Amino acid sequence: MVEKKHLLTSVQMANFVADGFLRFDELVPEEINREVMRELDNRLINFGYEPQGQPLTNLWQDSQGIGKVIRMPEVEGIIQSLLGIDPLYDHHCPHQVGPGHLEGQVWHADAIIDTRQHFDIQLFYFPHDTPREMGGTMFLPGSHLRRIHETDIGRYQNFIGQVPVVCKAGTLFVGHHGIWHCAQPNKTDKLRYMFKIRLNPTVRQLKMWNTDDLEDERIGGILFRNHRWYGNDDRLEYANRIKFWRFLIGDPQFDVNYWLTRIENTPERRVLAGVG
């Protein structure tokens, strides 16, 4: 178990529910960032899949780069807050995009083949400064609860509110497995690195974070954040987020502004006409 000080707060969790990802700038120290790039350059981290479904704790135990990143207390706290204890390794991908690579990746969501309320997470780790001209990953906030078949959105070029990764070395993003994203062109003369790993829960994802601020009055407003790209379908997003928050806190009665309560009102009490 992780110390409480390293766990996410309820406000952070609400932002994850609304946006589908969280950002942690310059979280990883520079000496670890350098070691990660050395490991990737020398293929000390396997570029293929490790045996899937094994405990995350089994992996890269002797690594002073990637292994050290995933065992940082701050990173363990992020993982535990979202997945709970004893997460499983799903897969990883050490992305490297060469200099002058001007072709961008199509918008997609990774392997959306289920409709579970339970969710996996993906860590997107940038071990060096990533300015806009270097590309990085593009995220679409609030897209994670829109179930699609992986590349159904590949025909789109840009969305209102899309967020390009522009960050300093050691920055980590954690995303819901359904977040829409795409890699951007690298217009610089330098190699771009990004390490991604997907993890699965083994326990019910129920109040695994620091819940001291669970009654924070800002949470309702966060869940009703309007990212604008979905136009008049914003009401669908609000309803889905309330359901997601109910799942995370274990309270099927939670609501914001009577949003779901009114449509769940299906009385069965019978009163005969004319009977007082």
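Rules behind the numbers
- Residues numbered from 1 in each chain as written.
- Predicted model: local features only at pLDDT ≥ 70, side-chain atom pairs only at ≥ 80, totals over all residues.
- Heavy atoms only, no water.
- Buried < 20%, exposed > 50% of the residue type's maximum accessible area, 1.4 Å probe, protein only.
- Helix = DSSP H or I, 4+ residues; strand = E, 2+ residues; numbered from the N terminus.
- Contact = heavy atoms within 4.5 Å.
- Disulfide = S-S within 2.5 Å.
- Axes fitted to C-alpha atoms, helices over the stretch in contact; angles between N-to-C directions.
- Parallel < 35°, antiparallel > 145°, perpendicular 65-115°, else oblique.
- Left-handed = near helix turned anticlockwise from the far one by under 90°.
- Nonpolar A, V, L, I, M, F, W, Y, C, P; charged D, E, K, R; others polar.

> Residues and numbers for helix α1 (residues 10–19), please.
With nine of its ten residues buried, α1 lies for the most part within the structure. All of the buried residues along α1 are Ser10, Val11, Met13, Ala14, Asn15, Phe16, Val17, Ala18 and Asp19. Residues of α1 that are buried in the fold lie against β1 (21–24), α4 (73–83), β3 (121–126), β6 (171–176), α5 (219–223) and α6 (234–249). Of the residues trailing α1, glycine 20 is marked for its positive phi of about 90°.

> Would you mind going over the state of the cysteines in detail, with residue names and values included?
Enumeration over the complete set of coordinates arrives at zero disulfides. You can see cysteine 167 has no disulfide; the closest cysteine sulfur is in cysteine 182, sitting 15 Å from it. Taking the relative accessible area as the measure of exposure, cysteine 167 reaches 8% and is therefore buried. The thiol of cysteine 182 is not disulfide-bonded; the next cysteine sulfur, from cysteine 93, is found 15 Å away.

> Give a detailed account of the packing of α1 against α6, specifying residues and quantitative values.
Viewed as axis vectors pointing N to C, α1 and α6 meet at an angle of 140°, and their least axial separation amounts to 9 Å. Taken together, the axes of α1 and α6 lie oblique to each other. Handedness of the crossing formed by α1 with α6: right-handed. Side by side, α1 and α6 meet where Ser10, Met13, Ala14, Phe16, Val17 and Ala18 of the first sit next to Arg241, Phe244, Trp245 and Leu248 of the second. Residue composition of the contact of α1 with α6, grouped by class: eight nonpolar, one polar and one charged.

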